[in-house]
Structure formats: structure tokens, C-alpha cells
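Architecture and fold: a report
What follows is the residue order along each chain.
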Amino acid sequence: MENKIYITKENDPRDYVGYDLFGFPFNSKYPPNKKMYGDSYEGYSCKALGVLLYDYCIAGYDVELTYNDHTYYLLNSGEGVISDSHFTERKEVFDSPMALVENLKIDGKTLLELAPEIEDIEPV
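Remember, it's a predicted structure, so these values are computed and weren't measured experimentally.

Our focus in this paragraph is unusual backbone geometry. Look at Tyr41: it is not a glycine, yet its phi comes out positive at around 60°. Residue placement: Tyr41 occurs in the loop between α1 (34–37) and α2 (47–56). Although it is not a glycine, Asp107 sits at a positive phi angle of roughly 55°. On the accessibility criterion, Asp107 (55% relative accessible area) is exposed.

The following block contains the structure:
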């Protein structure tokens, strides 16, 4: 039997994760604004930001996105990884998912800058 270690508020090593009063994690570096944007997109202005900043960086999902007719696969292995469609190849590696979101450049722009232009994005 495999022993799994679950991340909790007390043992979370990620410095960009905060926890609300109910113990739910959120992105403390780029906090959501549910008063302005509501619950859609996890409190962010567009779906791409919700998927990147919450589903990928906080919840730990892998992501498939399409921009400018090219598909990109983001693997969350604790590191931020650009991968292949089977999530097996490690094409480019960043220290964390947040580092990937902030530093990966496509057409000279970071994912944060490109978010409103991303054609399709889904956590997988």
C-alpha cells in the first residue's frame, strides 16, 4: 500500500499559496477578486487566468491550452513542465508551476500577459 502525503495548510511548501478562514487554498501572489469577478473563473477576469492561477498553480491540475493555433501541455509535477500530449516528455522545466506561468514566453509575452488571448484552455 502506498503512503500518500497530502498538502495541508500546515505543511504546504509553496510560498504563493494562502489559506482562507475556512482552510481553502488560494493564490496569494495573484489573489482572486470574487467581489469584482464573481465565482466564475475562480474569481479571475477570464477563464485562462482562473485555470492557470488556480487549477494549475494551486489545485495541481495539468493543463492543455491553445494559443495562435498551437497546443501546449503544462504538467504540474511540483515543478512547472512544458510537456507532450501524453504528459511524458519534459521539454522545458521551471522551478514551480507559478514560475512557469510567470516566465514562459510565447511570442514574447508571458502566459499572464497572453491569458485574455488564449483560444482554449482546460485542466486535465
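Read on, since the account is not over.
Tallied over the full model, the rule gives six salt bridges. Here Glu102 and Lys29 are joined by a salt bridge, their closest N and O atoms 3.0 Å apart. Within this pair, whereas Glu102 is found in helix α3 (residues 97–103), its partner Lys29 is found in the loop between β2 (25–27) and α1, the two being separated by 73 residues in sequence. A relative accessible area of 46% means that Lys29 is categorised as partly exposed. The residue Lys47 makes a salt bridge to Glu122 at a minimum N-O spacing of 2.4 Å.

Leu74, Leu100, Leu111 and Ile121 are the most contacted members of the largest nonpolar core, which totals 30 residues. Of all the elements, α2 adds the most residues to this core, at six residues. With residues near it in sequence (within four places) discarded, Leu74 still touches Leu52, Tyr56, Asp62, Val63, Leu65, Val81, Ile82, Phe87, Leu100 and Leu111.

Ordered by their spatial adjacency, five strands build an open sheet running β6-β5-β4-β3-β9, and the pairing between neighbours is antiparallel. The two strands at the open ends of the sheet, each matched to only one other strand, are β6 (90–94) and β9 (120–123). Averaged over all pairs of adjacent strands, the angle between strand axes in this sheet comes to 20°, irrespective of strand direction. Where strand β5 (residues 80–83) lies against β6, four bridges are found, and the strand directions are antiparallel. Each bridged residue has a counterpart across the sheet, and for Gly80 the counterpart in β6 is Phe94. Contacts from α2 reach β3 (63–67), β4 (70–76), β5 and β9, with the element oriented near 25° to β9.

Criteria and thresholds
Residues numbered from 1 in each chain as written. Predicted model: local features only at pLDDT ≥ 70, side-chain atom pairs only at ≥ 80, totals over all residues. Heavy atoms only, no water. Helix = DSSP H or I, 4+ residues; strand = E, 2+ residues; numbered from the N terminus. Buried < 20%, exposed > 50% of the residue type's maximum accessible area, 1.4 Å probe, protein only. Salt bridge = Lys/Arg side-chain N within 4 Å of Asp/Glu carboxyl O. Core = buried A, V, L, I, M, F, W, Y, C linked by side-chain atoms within 4.5 Å. Contact = heavy atoms within 4.5 Å. Pairing = 2+ DSSP bridges. Axes fitted to C-alpha atoms, helices over the stretch in contact; angles between N-to-C directions.

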